[in-house]
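# A closer look at the structure
Letter by letter, the chains look like this.
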Amino acid sequence: MTTIIGVRFRNMGKVYYFGPKSLNIEAGDHVIVETARGVEYGCVVLGPREVEDNRIVQPLKEVIRIATPKDDAREESNRRKEKEAFQICQKKIAAHNLDMKLIDAEYTFDNNKVLFYFTADGRVDFRELVKDLASVFKTRIELRQIGVRDETKILGGIGICGRPLCCHTYLSEFAPVSIKMAKEQNLSLNPTKISGTCGRLMCCLKNEQETYEYLNKKLPGNGDLVSTPEGILGEVQSVNVLRQLVKVVVNVEDEKEIREYPAGELRIKQKHKKGRDKEKEKEKDLTSEEKKELEKLEKEQQESGGRREKEEGREKKRQSKKGSEHGKRKASAGRTAG
């Protein structure tokens, strides 16, 4: 077990682990740490606690110091400079006639680098733009292309539920979401109803997925033949997943009745193909345009997940490389001292 603190940079984003050393650090404090991008200013969102070693990306870097009033002032100054940098970069993009949309500008704490985040439909040759920006800011420039989900995470907004977007408020990283989740939760497959502000599947589909998977295992499917507590055979008409209630069509004295039973009181006698194919029946209700939009949405979701995995892989390699170089320098310094 290793003692760590969790630090988040900016208001949203992934939580990174650092060693607290012997400093008296609490959640809500601001700290100065070293990352793969250089020295950074972050907020402690997880107070000191012990975690298993396999949950830590080695080498675990330690906090440099708790932020001082001077550090806080510098961070505020950087935020003001970012607004100016954003406007300058927008003008330069227009001057170079590049087909890209600037999303955000970010200074590292030590002003060693300025990062510009942008979206574009394809690859963009921004080499001349980088040279132009470097001549203006006199520091290292990095242009990073992001996807529409990351764009929405940075900009924020209001979801169809009327609340601030989950990705902009508390989600540290995006969880994989698929059309299968919407089917499992018996939601409408209309793309406009299951898509978020970013145009991708809503992140909140993941929130209740495990619950629905667990509850659906206890329920019969529509069209299944079941035996009721009275010993009558009937066909399942519909199910209420959260209440675990099942409506069954039964024959009583040559007349059909619809009765409702708790799922635990029923015994499945025969699975019906109709129950297994209820997703296909839902898709039949969609127009050809909605089906195409649904297929496009699923494809974009898969491509977005693939790009994110590649980006995370590159980030891990950068951190590993920097940690390896740090270890070599430390070993070399030790030999020199010896």
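What this report covers is the structure whose coordinates are included nearby. (Residues numbered from 1 in each chain as written. Predicted model: local features only at pLDDT ≥ 70, side-chain atom pairs only at ≥ 80, totals over all residues. Heavy atoms only, no water.)

## Overview of unusual backbone geometry
Inclusion rule: Numbered from the N terminus, helices here are DSSP runs of H or I no shorter than four residues, and strands are runs of E no shorter than two. Think of it in three bands: with a 1.4 Å probe and only protein chains considered, a residue is buried below 20% of the maximum accessible area for its type, exposed above 50%, and partly exposed in between.
Here the phi dihedral of lysine 21 falls at roughly 55 degrees; this positive angle occurs in a residue that is not glycine. Within the fold, lysine 21 resides in the loop between β2 (15-18) and β3 (30-35). Residue lysine 21 is classed as partly exposed on the basis of its relative accessible area of 43%. Of note, the phi angle at asparagine 186 is positive, near 60 degrees, even though the residue is not glycine. Relative to the helices and strands, asparagine 186 resides in the loop between α5 (179-184) and α6 (191-194).

## A word on the pairing of β2
As a reminder of what qualifies: A strand pair is defined by DSSP finding two or more bridges across the two strands.
Pairing analysis gives four bridges linking strand β1 (residues 2-8) to β2, with the strands arranged antiparallel. Pairing of arginine 8 across the sheet is with valine 15, part of β2. Adjacent in sequence and paired antiparallel, β1 and β2 are bridged by six residues, among which arginine 10 carries a positive phi angle near 70 degrees.

## Side note on the packing of helix α1 (residues 69-95) against helix α2 (residues 127-137)
Operational definition: Fitting a line to C-alpha atoms yields each axis, with helices limited to the stretch in contact; the angle taken between N-to-C directions then spans 0 to 180 degrees. Handedness of a crossing follows from how the near helix is turned relative to the far one, being left-handed for an anticlockwise turn of less than a right angle and right-handed for a clockwise one. Two residues qualify as a contact provided that any one of their heavy atoms is within 4.5 Å of a heavy atom in the partner residue. Residues are grouped as follows: Ala, Val, Leu, Ile, Met, Phe, Trp, Tyr, Cys and Pro are nonpolar; Asp, Glu, Lys and Arg are charged; every other residue, Gly included, is polar.
Where α1 meets α2, the axes come as close as 11 Å, and the angle between the chain directions of the two elements is 140 degrees. α1 and α2 meet at a crossing whose hand is right-handed. Contacts between α1 and α2 involve Ala85, Ile88, Cys89, Lys92 and Ile93 on the former and, on the latter, Leu129, Asp132, Leu133, Val136 and Phe137. Of the residues assigned to the contact of α1 with α2, the class counts are eight nonpolar, no polar and two charged.

## Some details on helix α3 (residues 148-155)
Of the residues making up α3, those classed as buried are Arg149, Glu151, Thr152 and Lys153. Of the residues trailing α3, glycine 156 is marked for its positive phi of about 80 degrees.

## Topic: the packing of aromatic side chains
Threshold: Note on ring pairs: Phe, Tyr and Trp rings are taken, using the six-membered ring of Trp, and paired if centres are within 6.5 Å. Classes follow the plane angle, with under 30 degrees stacked, over 60 edge-to-face and the rest tilted. Whether a charge sits over a ring depends on NZ of Lys or CZ of Arg being within 6 Å of the ring centre and within 35 degrees of the ring normal.
Enumeration over the complete set of coordinates arrives at five aromatic pairs. Ring centres of phenylalanine 9 and phenylalanine 18 lie 6.4 Å apart, and the angle between their planes is 90 degrees; on these two criteria the pair is classed as edge-to-face. Its relative accessible area of 14% is what places phenylalanine 9 among the buried residues. Here phenylalanine 18 falls in the buried class, since its relative accessible area comes to 5%. Ring geometry for phenylalanine 118 versus phenylalanine 126: centroids 5.7 Å apart, planes at 80 degrees, classification edge-to-face. Since its relative accessible area comes to 0%, phenylalanine 118 is described here as buried. Three or more aromatic residues joined by ring pairs form one cluster here, namely Phe9, Tyr16 and Phe18. Across the ring face of phenylalanine 109, the terminal group of arginine 74 is positioned such that the distance to the ring centre comes to 5.1 Å.

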